[in-house]
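Remarks on the overall topology
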Amino acid sequence: MKDFKKEISKIIAKNVKISEDELYQFIEIPKDTTMGDYAFPCFKLAKQMHKAPQIIATELKEKLDLDDSDIIEKIEVAGGYLNFYLNKDSIVKEVIEEFSKKGDKFGSSKIGDNKKVVIDYSSPNIAKPFHIGHLRSTVIGASLYKIYEFLGYKCIGVNHLGDWGTQFGKLIEGYKRWGDEYDIDSNPIEELTKIYIRITNACKEDESILEDCRNNFKKLEDGDSYCKNLWEKFRAVSLKEFNRIYDLLGVKFDSFNGEAFYTDKMSEVIEMLDKSGKLVESQGAKIIDLEDKGMAPCMIVKSNGSTTYDTRDLAAILYRARTYDYDKILYVVAYEQNLHFKQIFEVAQLLDMDDKYKKNLEHVPFGMVRLKTGKMSTREGNVVKLEEILNESIARAKSIIEEKNPNLENKDDVAKKVGLGAVIFNDLSNGRIKDEIFDWDIMLNFNGETGPYVQYVCVRANSVLEKAGYIPEVQNINTDKLDDEDSYDIITTLGNFAETLENVTKKEEPSILARYLITLAKQFSSFYNNNHIICEDKETQDARLYLTYMVKTIIEKGLNLLGIQVPEKM
């Protein structure tokens, strides 16, 4: 399919001293379709041409030669914008032809060229509840993985488990003191959480207990058999619980190498940093001073000789460079860790490895999920468990199905897909950097711009195809029958699917795809309400059925890329 933005940038480039590639980046898709199919903001040329954007737009319009393109129908000036209106018939034919070639691969590309992207996501802490706050990293990371692969990248999904650190010193100490009082085997996470809360409170009251906890972690790092056996037990029971939730969400990983995996790989990092001359002692600890970068120091070794979270992250970078030969690492971690990653990425410049690995480290921050009463905390015991939310959402979806369509087959399967879809879509349709207030009414609203609404539109499109009993052959489609506004809106939106996915990866922002699907679903609803798809005129019916088939295919593919399944009926 022709790249319409490229065609427009070629025409503009003949009349300005800016490259086609640069112009390409400036061209936009107007939110209001009455303002054209594409728009070029002449503000971008104001500094170079020393003129007001509106004057530049007016002068450019006069210079641009429409004979250079068979796809541009007209150009109009609106303020400082040049608005381009494409030839509708050409666009409809282009999009349908491309879809007929690719089917459910429509929108995919080889832009990734098999470049390797490591995506570090989910990463819950062992022996702590998998709560609603972990949902964001899990579903954002999983959707980025799918979208990158759809665009031709090779992805490696890593669940960097929080399975090392001083919290295990606390758990070990709590277990030593009160382990017999808790049934770890029957309800591991809940019982371990109770121990963790209890020992944390004890540490607040008695500094000597906190020191015992720190010593436990040092023993664990030194290979003490008692501490190591307990840690292995805590990790095993936790992973069993986590995997049940991952299975429910349909999320998979290529590696579960967590912090503990790097315990024998940190000495090399410390040695490299020492050779750089930047590792210095401070109050018995070893740090990298980052004052000249406007940051607090990065602690590499604590005063008691134990390592830090920072050291393990640096060891992970070195290991991933050697093992995966990555072109980029994405860390899908909450914005509360912004400083941590700035420090780590700065210190990583001192490691003995190729510059390409040092330059392509990217933190993908996201907002927190908060309760109406404030921030969640395992220490305080006020967390909302993710599994409870997912099961509740499925139960509520089934209740709605029972009420509205009691004779529906496979109700449990449909309720699962709708319930999980509601939760995932609610998370991904919001800009990732925004904080979310957890609210049942918002999370499980089955009307409006929600996952169930988009799923329902897809199911409705599928039911039309089933009623017709066939999908027309593309060579039988008369595109003149798709000259109405509703049809053209859908066609232009479908034509932007590939660019939408590329924008997701440029901004690491799955909400771009979620909002795209809402737009497409609304457009099809308008098309469905304003047109008889199955009608007396066979040519009209074939054209509208094929358009319905395209919408159904792309909505389902888009939802799948977000990690959401679509039921056959609702």
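Above this text you will find the structure in question.
Keep in mind that this is a model prediction, so the values were computed, not measured.

Before going further, it helps to spend a moment on the environment of Val364. For Val364, the position within the fold is in strand β10 (residues 361-364). Since its relative accessible area comes to 1%, Val364 is described here as buried. Considered as a pair, Val364 and Gly141 are 223 residues apart in the sequence and their alpha carbons are 9.2 Å apart. With near-sequence residues (within four places) excluded, Val364 lies in contact with Leu330, Tyr331, Val332, Val333, Arg432 and Glu508.

Let us look at the sheet that holds strand β7 (residues 285-288). Read from one edge to the other, the open sheet built from three strands follows the order β6-β7-β8, with strand pairing classed as antiparallel. With one partner strand each, in any of the chains shown, β6 (279-282) and β8 (298-301) form the two edges of the open sheet. Going from strand to strand, the sheet's axes swing by 45 degrees on average, the running direction of each strand aside. For β6 and β7, the ladder comprises four bridges, and the chain directions are antiparallel.

With that settled, consider the pattern of salt bridges. The full count for this structure, using the stated rule, is 40 salt bridges. A salt bridge links Lys328 to Glu508; the shortest N-O distance between them is 3.4 Å. Within this pair, whereas Lys328 is found in strand β9 (residues 328-332), its partner Glu508 is found in the loop between α20 (497-507) and α21 (511-530), the two being separated by 180 residues in sequence. There is no split in this pair, since Lys328 and Glu508 are both buried. We note a salt bridge from Asp542 to Lys538, for which the minimum N-O separation is 3.0 Å. Within this pair, Asp542 and its partner Lys538 are both found in helix α22 (residues 538-561), separated by four residues, close to a single helical turn. Given the relative accessible area of 6%, Asp542 is considered buried. When its relative accessible area of 48% is taken as the criterion, Lys538 is described as partly exposed. Counted as one network, the salt bridges with shared partners bring together Glu173, Lys176, Arg177 and Asp212.

The next subject is unusual backbone geometry. Here the phi dihedral of Asp325 falls at roughly 50 degrees; this positive angle occurs in a residue that is not glycine. Position of Asp325 among the secondary structure elements: in the loop between α12 (309-324) and β9. When its relative accessible area of 34% is taken as the criterion, Asp325 is described as partly exposed. Its identity is not glycine, yet Glu508 carries a phi of approximately 50 degrees, on the positive side. Judged by relative accessible area, Glu508 falls into the buried class, the value being 1%.

The final tally for this structure, using the stated rule, is 26 aromatic pairs. These aromatic residues form a ring-pair network of at least three members: Tyr121, Phe130, Phe242, Tyr246, Phe253 and Phe256. Stacked on the ring of Phe261, the Lys or Arg Lys265 has its end atom at 3.9 Å from the ring centre. Looking at Arg460, its charged tip hangs above the ring of Tyr528, at a distance of 4.3 Å from the centre.

As summarised here, the arrangement of the three strands in space is β1-β3-β2, forming an open sheet in which the pairing is antiparallel. If you trace the sheet from one side to the other, it starts and ends with β1 (38-41) and β2 (72-78), each paired once. Strand-to-strand twist of the sheet, defined as the mean angle between neighbouring strand axes without regard to direction, takes the value 20 degrees. Sheet topology places β1 next to strand β3 (residues 81-86); four bridges connect them, and they run antiparallel. Its bridge partner lying in β3, Tyr38 is registered against Phe84.

What counts as what
Residues numbered from 1 in each chain as written. Predicted model: local features only at pLDDT ≥ 70, side-chain atom pairs only at ≥ 80, totals over all residues. Heavy atoms only, no water. Helix = DSSP H or I, 4+ residues; strand = E, 2+ residues; numbered from the N terminus. Buried < 20%, exposed > 50% of the residue type's maximum accessible area, 1.4 Å probe, protein only. Contact = heavy atoms within 4.5 Å. Pairing = 2+ DSSP bridges. Axes fitted to C-alpha atoms, helices over the stretch in contact; angles between N-to-C directions. Salt bridge = Lys/Arg side-chain N within 4 Å of Asp/Glu carboxyl O. Phe/Tyr/Trp six-rings, centres within 6.5 Å; stacked < 30°, edge-to-face > 60°. Lys NZ or Arg CZ within 6 Å of the ring centre and 35° of its normal.

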